[in-house]
Amino acid sequence: MSTLLVIESAMAGLVIGRGGATIKTIQQDSGAMVKLTNGDTADTRNVKIIGSEDAQRLASGMIEKIVGKLLRSETITTPPPPPRRQARGGGTSRGTDRPRPKRRSVSPVEKITISDEAWEEILRENRQRDLEIIQSLPPIIKDLYVEHKQVKAMSDEEVQSFRTAQNDTTVQYVDGAECLRPIPKPIKTFEHAFGSYPDIMKVIKKQNFTVPSPIQCQAWPIIMSGHDLIAIAQTGSGKTLAYILPAIIHLLGQPTPRNKRIGPSVMIMGPTRELVLQIHDEITKYLYNNIKVVCVYGGGVSAQEHQKLIKAEKPDIVVATPGRLNDLIGIQAIKLEHVSYLVLDEADRMLDMGFKNQIELSLRHVRPDKQTILTSATWPTAVKNLANYFTKNPLHITVGSLDLSTVNTVTQKIIILKEHQKEAWLDEFISTSLSKDDKVIIFMRKKTSVEKMYENFIRKNIKCRCLHGGRLQINRERSLADMRKGVVSILIATDVASRGIDIHDITVVINYDFPTNIEEYVHRVGRTGRAGKTGSAYTLFSDYDKFNASSLISVLKKSNQPIPAELYKMTTQ
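First, a word on what this report is: a plain description of the structure on this page. Starting from 1, residues in each chain are numbered consecutively following that chain's sequence as written. Only residues with pLDDT of 70 or above have their local features reported here, since the model is predicted, and side-chain atom pairs are shown and tallied only from 80 upward, although totals for entire chains, interfaces and linings are computed over all residues. Note that the side-chain values use all heavy atoms of the structure and ignore hydrogens as well as water.

**A short note on the overall build of the protein**
Comment: elements are numbered from the N terminus, with helices defined as DSSP H or I runs of at least four residues and strands as E runs of at least two. Each helix and strand in the protein was counted, giving 22 helices and 18 strands. Taking all 573 residues of the protein together, the buried fraction comes to 51%. Residue contacts follow a heavy-atom distance rule, with two residues in contact if any of their heavy atoms lie within 4.5 Å. Taking as baseline every contact in the protein between residues at least 6 positions apart, the subset at least 24 positions apart corresponds to 77%. Here the protein displays about 27900 Å² of accessible surface, and carbon together with sulfur accounts for 50% of that area. Per-residue accessibility, obtained with a 1.4 Å probe over protein chains only, is compared with the maximum for each type, and a residue is labelled buried under 20%, exposed over 50%, and partly exposed between these values. Using the Shrake-Rupley algorithm and a 1.4 Å probe, accessible areas are obtained, with residue cover drawn only from the displayed protein chains.

Right, here's the structure in full:
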């Protein structure tokens, strides 16, 4: 007995995985043999699963979780052997006195491996499928970079010295990359990067920038040369502009006229409504040549209203949250077949929020030869796996260390107290320690806690706003706008405000509740001390948080911050 699953052809690559990694994992974890073959039509693939009943059931569940929806599932039963001829006396022809051979039992976890020949056939079919898809689509151009003569003249020693001076930046191919091209040299000025694109230079000059940030110096020549890129840098490092300007050049540099393309050419995905709105606003500063951009996200207008907007605008660039993009694909409001430039922004945050499957399902129709840029503040295993799905021979930029640390422009103070003492500490701090020029974000763990604190402040006539995922989108946007404009100087928020939210002049961060993990602590603290300015971060730490004491001590040490003796004691409790 075996199981036959029928899936969409476009999902076969996800089942196989980069270099066959996913299908190997399915076989190892389930104990079943899995083989992909051509389906009855060009749009389908058959997945045959062989093994014990338990192994087949487990493998089927794993595959269904990857593809999201099976087109068909059936159990194939091998016809039973013909009945043995009865001998006289009611026995079989072999006689009743001969014992039957014992059937070998198959353990549900017994490993059934696929042969090298069958494995090569699976990979060959996958490569052939991708080639057929690419050949059916209009050609794309990814290398649009013109190296400036001053950049070309840089020696290897000068390149290395420049990267070291820029926050100890490293640039290298990921392990296992193939067909390696020379790594582009970094640029030092906007003219170095965009001297051949006068329209881009005009919009840059309007923004009154001085020099590119470290991530931009490395990323612009790499992206414009057509490489896939993984950019690891802390928030506030200029990652957004690092991919926006090359996106515009890519968009306008394609041989197919824009009015002949189906759907957008550039797709940018971000984890939260606030971040995608911020990316949208940033893009609009640099648009020319009638480029159109649309931002879609859940919680504001309905998917049907976004469908009308996309149909009316016919955007070249779409900025989206994973959930809303899934909604739009589900109602066939957007087509991704001609997306040739893909950005996964704040990838670690998207995975933390549980968007992995939505990302993979949303992007399964994007052309295989797309150019992919993935940004992240951290580089955990989950982000590496996501990069393996969507990038090909990527270059990897790391600005600073991959170790978790906070910037040295933030003074961090840990206040050890009891849970019931927090409110009194906060009241006293606000009344005695804040100046009229301070801007403060108070981070709390739960939405209900944020609402309760907000109502408490209003009763005390403390002007503030609050921000969390349960608020209406219009209220979330108003809260951010009032903070940016200085209408209020205090924002009470959950971790929805810890990443990607661009409020430039935050001077104080208060961790009223310690976050669920140390990575989020680093991002919270990173809301202040930005763009060369200094800031302060106060963390209220109680026995409730003591399991985070060791990791907090590690971050404080790397940032050369004072560590209370009580914090050390908590590591031994």
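Here the narrative resumes, following the displayed structure.
**Section: unusual backbone geometry**
Negative phi is the rule for most residues except glycine; trans is the rule for most peptide bonds. For Glu-346, which is not a glycine, the phi torsion comes out positive at approximately 50°. Here Glu-346 is to be found in the loop between strand E10 (341–344) and helix H14 (347–352). Overall, the relative accessible area of 5% leaves Glu-346 in the buried class. For Asn-560, which is not glycine, the phi dihedral falls at a positive 55°. The class for Asn-560 is exposed, based on a relative accessible area of 70%.

**Things to note about the sheet that holds strand E6 (residues 229–232)**
We treat two strands as partners when DSSP finds at least two bridges between them. Reading across from one edge, E5-E12-E6-E11-E10-E7-E9-E8 is the order of the eight strands in this open sheet, with mixed pairing throughout. Both outer strands of the open sheet, strand E5 (170–173) and strand E8 (293–296), are each paired with one neighbouring strand and no more. On average, each strand axis in the sheet is tilted by 15° relative to the strand beside it, whichever way the strands run. In terms of strand pairing, E6 meets strand E11 (residues 371–376) through four bridges, oriented parallel. Following the sheet pairing, Ala-231 is matched in E11 by Thr-375. For helices, the fitted axis covers only the stretch in contact; all axes are lines through C-alpha atoms, and the angles between them, taken along N-to-C directions, range from 0 to 180 degrees. Contacting E5, E6, E10, E11 and strand E12 (395–398), helix H9 (residues 214–224) runs over the sheet at an angle of about 170° to E12.

**Description of the sheet that holds strand E4 (residues 72–76)**
If you trace the four strands from one edge of the open sheet to the other, you get E2-E3-E1-E4, paired in antiparallel fashion. Since the sheet does not close on itself, it has two edges, and those belong to strand E2 (33–38) and E4, each with one partner. Strand after strand, the sheet turns through a mean of 20° between neighbouring axes, direction not considered. For strand E1 (residues 2–8) and strand E3 (residues 44–50), the ladder comprises seven bridges, and the chain directions are antiparallel. Along E3, the bridge assignment pairs Ile-7 with Arg-45.

**A word on the pattern of salt bridges**
We define a salt bridge as a contact between a side-chain nitrogen of Lys or Arg and a carboxyl oxygen of Asp or Glu at a distance within 4 Å. Under the definition given, this model contains 18 salt bridges. Here Lys-422 and Glu-419 are joined by a salt bridge, their closest N and O atoms 3.0 Å apart. Classification of Glu-419 by relative accessible area gives partly exposed; the value is 38%. One network of salt bridges, in which partners are shared, links Glu-419, Lys-422 and Asp-513.

**Let's talk about helix H17 (residues 422–432)**
Turning to H17, its buried residues number three or more, namely Lys-422, Trp-425, Leu-426, Phe-429 and Ile-430. Buried residues of H17, seen end-on, are gathered within an arc of 125° and therefore sit on one face of the element. Along H17, the residues that are exposed and aim more than 90 degrees away from the buried face are Ala-424, Glu-428, Ser-431 and Thr-432. As used here, the arc belongs to the directions running from the helix axis to the C-beta atoms.

**A word on the packing of helix H10 (residues 239–252) against helix H11 (residues 273–284)**
Contact geometry of H10 with H11 gives a least axis separation of 10 Å together with a crossing angle of 50°. In terms of orientation, H10 lies oblique with respect to H11. The chirality of how H10 crosses H11 is right-handed. Of H11, the residues touching H10 (which contributes Thr-240, Tyr-243 and Ile-244) are Ile-279, Glu-282 and Ile-283. When the residues that make up the contact of H10 with H11 are grouped by side-chain class, the tally is four nonpolar, one polar and one charged. In this scheme, roughly parallel covers angles under 35 degrees and roughly antiparallel covers those over 145, while 65 to 115 is roughly perpendicular and the rest are oblique. Whether a crossing is left-handed or right-handed is set by the direction in which the near helix is turned from the far one by less than a right angle, anticlockwise for left-handed and clockwise for right-handed. Under the convention adopted here, Pro, Cys and the residues Ala, Val, Leu, Ile, Met, Phe, Trp and Tyr are nonpolar, Asp, Glu, Lys and Arg are charged, and Gly plus all remaining residues are polar.

**A look at the environment of Ile-331**
Assignment of secondary structure puts Ile-331 in the loop between helix H13 (322–330) and E10. Ile-331 sits 27 residues away from Gln-304 along the chain, and the two C-alpha atoms are 8.3 Å apart. Discounting residues that sit within four places of it in the chain, Ile-331 has contacts with Ala-303, Gln-304 and Gln-307.

**Focus on the nonpolar core**
One finds Phe-194, Trp-220, Leu-229, Tyr-243, Leu-245, Ile-268 and Ile-317 to be the most contacted residues of the largest nonpolar core, which totals 55 residues. With nine residues, the single largest contributor to this core is H10. Residues contacting Trp-220, with those up to four places away along its chain left out, are Ile-187, Phe-190, Ala-193, Phe-194, Pro-212, Leu-241, Ala-242, Leu-245 and Pro-246. Take the buried residues of types Ala, Val, Leu, Ile, Met, Phe, Trp, Tyr and Cys, join any two whose side-chain atoms come within 4.5 Å, and each joined set is a nonpolar core. Core analysis: the second largest hydrophobic core is formed by 54 residues, Ile-7, Leu-14, Val-47 and Leu-70 among them.

**Details of the packing of aromatic side chains**
A pair of aromatic rings is counted whenever rings of Phe, Tyr or Trp (Trp by its six-membered ring) have centres within 6.5 Å, and the orientation is called stacked for planes under 30 degrees apart, edge-to-face for over 60 and tilted otherwise. Scanning the entire structure with this criterion turns up nine aromatic pairs. Summarising the aromatic geometry, the rings of Phe-190 and Phe-209 are spaced 5.9 Å apart at their centres and angled 25° between planes, so their arrangement reads as stacked. One end of the pair, Phe-190, is in helix H7 (residues 190–194); the other, Phe-209, is in the loop between helix H8 (198–206) and H9, with 19 residues separating them in the sequence. Taking the relative accessible area as the measure of exposure, Phe-190 reaches 8% and is therefore buried.

**A closer look at the pairing of E2**
Here six bridges tie E2 to E3, and the two strands are oriented antiparallel to one another. When the sheet's bridge partners are listed, Leu-36 is paired in E3 with Val-47. Hairpin connection of E2 to E3: five residues between the antiparallel strands.

**Points about the pairing of strand E18 (residues 535–541)**
Of all seven residues that make up E18, six are buried, and the element is covered over most of its length. In the sheet, strand E13 (residues 410–416) pairs with E18 via seven bridges, with the strands oriented parallel. If you follow Ile-415 over to E18, its bridge partner there is Leu-540. For strand E17 (residues 508–511) and E18, the ladder comprises four bridges, and the chain directions are parallel. Each bridged residue has a counterpart across the sheet, and for Asn-511 the counterpart in E18 is Thr-539.

Nothing here speaks to function; it is geometry throughout.
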